[in-house]
There are 2 protein chains.
Amino acid sequence: MSAIRGARERARIEVTAAIKDEARKQLAAEGAAKLSLRAVARELGMVSSALYRYFPSRDELLTALIIDAYDSVGETAERAHRTAAAENAAPARPGTHLARWVAVACAVRDWALAHPHEYALIYGSPVPGYTAPQATIGPASRVGLVFIAIAEDAHREEGIGLPPLTAELRPEAERIAADLAPGLPPAVAAPLVAAWSQLFGLLSFEIFGQFNRVVEAREAFFRQAVTELARTVGLLDRRG
Amino acid sequence: MSAIRGARERARIEVTAAIKDEARKQLAAEGAAKLSLRAVARELGMVSSALYRYFPSRDELLTALIIDAYDSVGETAERAHRTAAAENAAPARPGTHLARWVAVACAVRDWALAHPHEYALIYGSPVPGYTAPQATIGPASRVGLVFIAIAEDAHREEGIGLPPLTAELRPEAERIAADLAPGLPPAVAAPLVAAWSQLFGLLSFEIFGQFNRVVEAREAFFRQAVTELARTVGLLDRRG
DNA sequence: CCAATTACGAGAGCAGTGCTCTTGCTTTTG
DNA sequence: CAAAAGCAAGAGCACTGCTCTCGTAATTGG
């Protein structure tokens, strides 16, 4: 789209990247609350006011890191989906889609364990008085889209066995399906959104320490829970 | 245990409470990150250094607020449980325990919606470099204990229909059951812990704005999801 | 009942923060 | 080649958590 025009623009891109890298380093080391513009500038050998040429405020820097984090976990999920799809490409074998579901969930979990502070940044408490800017909603939905894709594939190739919706929830489920998964029947779309949020409940409790002294065999526990979650959206296991 | 001995001790208790109240007010208004010791002191007409006679650091003040928040939501859950138990005291009617489960979950949700910053304090990202002190783990488990109690009642009075554990998860499930719910079979205890964390996944996504532009009919959606969650721990609905 | 101890409030001060503004210098542009 | 725009640096403001000292008040032991 836009080629680099001169030394100035090239330098700007590099400095911007260096700031984000250093900020990410501090984020990983100490958490978002202790990320300091002055410390970033200090580490980069510049004075703090110079940094404002690149990010108009601390919040804007954080927003950039949030977008990067969403993209990072989103790309992880997409890669896991591709890999799992390549490994068992046989279309009609039952359990295929459930296996992909679990693989993607585990990949997201691995990412979260490897980047706890970035996870906290996007799935923990929103930062003070902060409302997510428009630019974040695209990257933020990438993980969800992967699960939607799996459910759509499963529905198309294997069919999905799910009880009909209650009358109370039908209009909402139809709206959800129309808005973000037109290829999915409403009876699948609603449980899918619920499962999506519940997956991050499992992750948050593990990452944020709520499972301390409660759950020990974390991975086995997670795989089991996530498999059960897949059943609530109608994915069929190997027993059909 | 300890009676108030003099004017000094009485004053200390009152000032401590006043500090916590003002801090809670600021927490509700601006969130934990913007809670400032100096602002609290200012509002109370004292100088900031005087506040350190009552709380040795900002983190200690936050810890006190965390404990209060856990107690607040815990008491809410317990009260909802008592009320629901009183309303349908018939022991053997199917659906009784599921109704209690949903009632408690909705009460917790109402509390979270009414106290979003306190919710964020205890179920959001842990504050910077902060590890939960011993004093929090008691209050922190009150909500969970309510759900355990419901499951135990259901298991004792109605029985619970759940598939057997996978071999992989059996030892972990047995440990969990032995540690925190000795009255419950392991096949129930493990899904119960999963359901507990998934419940807070639903809540966090709603409170933290992840459902914006996704879920509109929040309460209906929540009730449905939480009912489904109850089924995963074996609670039977009215249809038996 | 009085002296010693202890708890407390106030103030000054330190190191750190986000952010603004001005001042020169360099690169880019018309 | 001159004007305009981009940039780094420094000083400075208002704020933060926290420490230390110093007088005063309440509490306690003899």
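Residues numbered from 1 in each chain as written. Chains lettered and ligands numbered in written order. Predicted model: local features only at pLDDT ≥ 70, side-chain atom pairs only at ≥ 80, totals over all residues. Heavy atoms only, no water.

Each helix and strand in chain A was counted, giving eleven helices and zero strands. Of the regular secondary structure in chain A, the N- to C-terminal order runs α-α-α-α-α-α-α-α-α-α-α. Along the first, second and third principal axes, the C-alpha set of chain A runs to 65 × 50 × 40 Å. Long-range pairs, those at least 24 residues apart, make up 72% of the contacts in chain A with a sequence separation of at least 6. Entry remark: accessible area of chain A is about 11400 Å², with carbon and sulfur atoms responsible for 53%. (Helix = DSSP H or I, 4+ residues; strand = E, 2+ residues; numbered from the N terminus. Contact = heavy atoms within 4.5 Å. Areas by Shrake-Rupley, 256 points an atom, 1.4 Å probe, with all protein chains shown as cover.)

The environment of DNA strand C is made up of 23 residues, and the closest members are Leu37, Arg38 and Arg42 of chain A together with Ser49 and Arg53 of chain B. Each atom of DNA strand C within 4 Å of the protein was assigned to sugar, phosphate or base; sugar and phosphate come to 51%. Taking Ser36 of chain A, its side chain carries an N or O atom lying 3.0 Å from a phosphate oxygen of DNA strand C. Here Arg12 of chain B contributes a side-chain N or O atom positioned 2.8 Å from a phosphate oxygen of DNA strand C. Listing elements by their share of the surface near DNA strand C, those giving two or more residues are α1 (7-30), α2 (37-43) and α3 (48-51) of chain A together with α1 (7-30) and α3 (48-51) of chain B. Grouping the constituent residues of the surface near DNA strand C by class yields eight nonpolar, six polar and nine charged. (Near = heavy atom within 4 Å. Polar contact = N/O pair within 3.5 Å; in protein donor to acceptor, adjacent residues only side chain to side chain. Nonpolar A, V, L, I, M, F, W, Y, C, P; charged D, E, K, R; others polar.)

Attention now goes to the relation of the copies chain A and chain B. Of the two same-sequence chains, chain A is brought onto chain B (RMSD 0.0 Å, axial shift 0.0 Å) by a rotation of 180 degrees. Considering both components of the superposition, the chain copies are consistent with a two-fold axis. It is Gly201 of chain A whose C-alpha, among those of chain A, lies nearest the rotation axis, at 1.7 Å. (Least-squares fit on C-alpha atoms with pLDDT ≥ 70 in both.)

Attention shifts here to the domain arrangement of chain A. Residue and element names in this part refer to chain A. The domain boundaries assigned to chain A delineate domain 1 (1-56) and domain 2 (64-232). The centre of domain 1, based on its C-alpha atoms, is set 32 Å off from the matching centre of domain 2. With eleven residues of domain 1 at the contact, the number on the domain 2 side is six residues. For the pair domain 1 and domain 2, the two sides together bury roughly 700 Å², of which 71% comes from carbon and sulfur. The three residues of domain 1 that bury the most area against domain 2 are Lys20, Arg24 and Leu27, which together make up 61% of that side's buried surface. Run the count over domain 1 and domain 2 and you get two salt bridges. Here Asp68 makes a salt bridge to Arg24, at a shortest N to O gap of 3.2 Å. (Domains from an automatic or database assignment. Buried area = accessible area lost by both parts, 1.4 Å probe. Salt bridge = Lys/Arg side-chain N within 4 Å of Asp/Glu carboxyl O.)

Between chain A and chain B, the residue contacts involve 42 residues of the former and 42 residues of the latter. When the two sides are added together, the surface that chain A and chain B hide from each other amounts to roughly 3700 Å², 68% of it contributed by carbon and sulfur. Put simply, chain A and chain B have zero salt bridges between them. For the pair chain A and chain B, the number of links is nine residue pairs in polar contact (both at pLDDT 80 or more). Among the elements of the structure, α6 (116-123), α9 (170-180), α10 (186-207) and α11 (218-232) of chain A are those that each provide at least two residues to the side of chain A that touches chain B. Top element by residues in the side of chain A that touches chain B is α10 of chain A. It accounts for ten residues. Class assignment for the residues of the side of chain A that touches chain B results in 27 nonpolar, eight polar and seven charged.

What follows is about the environment of Leu44 of chain A. Residues and elements named next belong to chain A. With respect to the secondary-structure elements, Leu44 resides in the loop between α2 and α3. Taking the relative accessible area as the measure of exposure, Leu44 reaches 30% and is therefore partly exposed. Separated by 25 residues in the primary sequence, Leu44 and Ile19 have C-alpha atoms spaced 7.6 Å apart. Filtering out sequence-adjacent residues up to four positions away, Leu44 remains in contact with Ala18, Ile19 and Glu22. (Buried < 20%, exposed > 50% of the residue type's maximum accessible area, 1.4 Å probe, protein only.)

This next bit is on the environment of Gly159 of chain A. Residues and elements named next belong to chain A. As for its position among the elements, Gly159 is in the loop between α8 (142-157) and α9. In sequence terms Gly159 and Leu236 are 77 residues apart; their C-alpha atoms lie 8.8 Å from each other. Excluding its chain neighbours within four sequence positions, the residues that come into contact with Gly159 are Ala154 and Leu236.

What follows is about the protein's contact with DNA strand D. Within the structure, DNA strand D sits among 23 residues, and Ser49 of chain A together with Leu37, Arg38, Arg42 and Arg58 of chain B are positioned closest to it. Between Leu37 of chain B and DNA strand D, the recorded distance is 2.7 Å, taken from a backbone N or O atom to a phosphate oxygen. Between Tyr52 of chain B and DNA strand D, the recorded distance is 3.3 Å, taken from a side-chain N or O atom to a phosphate oxygen. Elements supplying a minimum of two residues to the surface near DNA strand D: α1 and α3 of chain A together with α1, α2 (37-43) and α3 of chain B. In terms of residue count, α2 of chain B provides more of the surface near DNA strand D than any other element does, three residues in total.

With that settled, consider α10 of chain A. Residues and elements named next belong to chain A. In this model, α10 (22 residues) spans 32 Å end to end at C-alpha, consistent with the 32 Å of a helix rising 1.5 Å per residue. Along α10, 19 of the 22 residues are buried, which leaves the element largely enclosed by surrounding structure. Gly209 sits one or two residues past α10 and shows a positive phi near 90 degrees. (Expected span 1.5 Å × (residues − 1).)

Residues and elements named next belong to chain A. Two numbers describe how α1 lies on helix α4 (residues 58-87): the axes approach to 10 Å, and their chain directions differ by 80 degrees. Between α1 and α4, the interaxial angle falls into the category roughly perpendicular. When α1 is examined against α4, the residues Ile19, Lys20, Ala23, Arg24 and Leu27 are found in contact with a partner set consisting of Leu61, Ala64, Leu65 and Asp68. Across the contact of α1 with α4, the residue classes tally to six nonpolar, no polar and three charged. (Axes fitted to C-alpha atoms, helices over the stretch in contact; angles between N-to-C directions. Parallel < 35°, antiparallel > 145°, perpendicular 65-115°, else oblique.)

On to the packing of aromatic side chains, then. Within this structure, the stated rule accounts for 24 aromatic pairs over all chains. Centre to centre, the rings of Tyr119 of chain B and Tyr123 of chain B are 5.1 Å apart; their planes meet at 40 degrees, and the pair counts as tilted. Separated by four residues within a single helix, Tyr119 of chain B and Tyr123 of chain B lie in helix α6 (residues 116-123), roughly one turn from each other. Their ring planes at 75 degrees and their centres at 5.9 Å tell us that Phe205 of chain B and Phe211 of chain B sit as a pair that is edge-to-face. In this structure an aromatic cluster arises from ring pairing among Tyr70, Tyr119, Tyr123, Trp196, Phe200 and Phe208 of chain A together with Phe205, Phe211 and Phe221 of chain B. The ring of Phe222 of chain A carries Arg109 of chain A above its face, with NZ or CZ at 5.5 Å from the centroid. (Phe/Tyr/Trp six-rings, centres within 6.5 Å; stacked < 30°, edge-to-face > 60°. Lys NZ or Arg CZ within 6 Å of the ring centre and 35° of its normal.)

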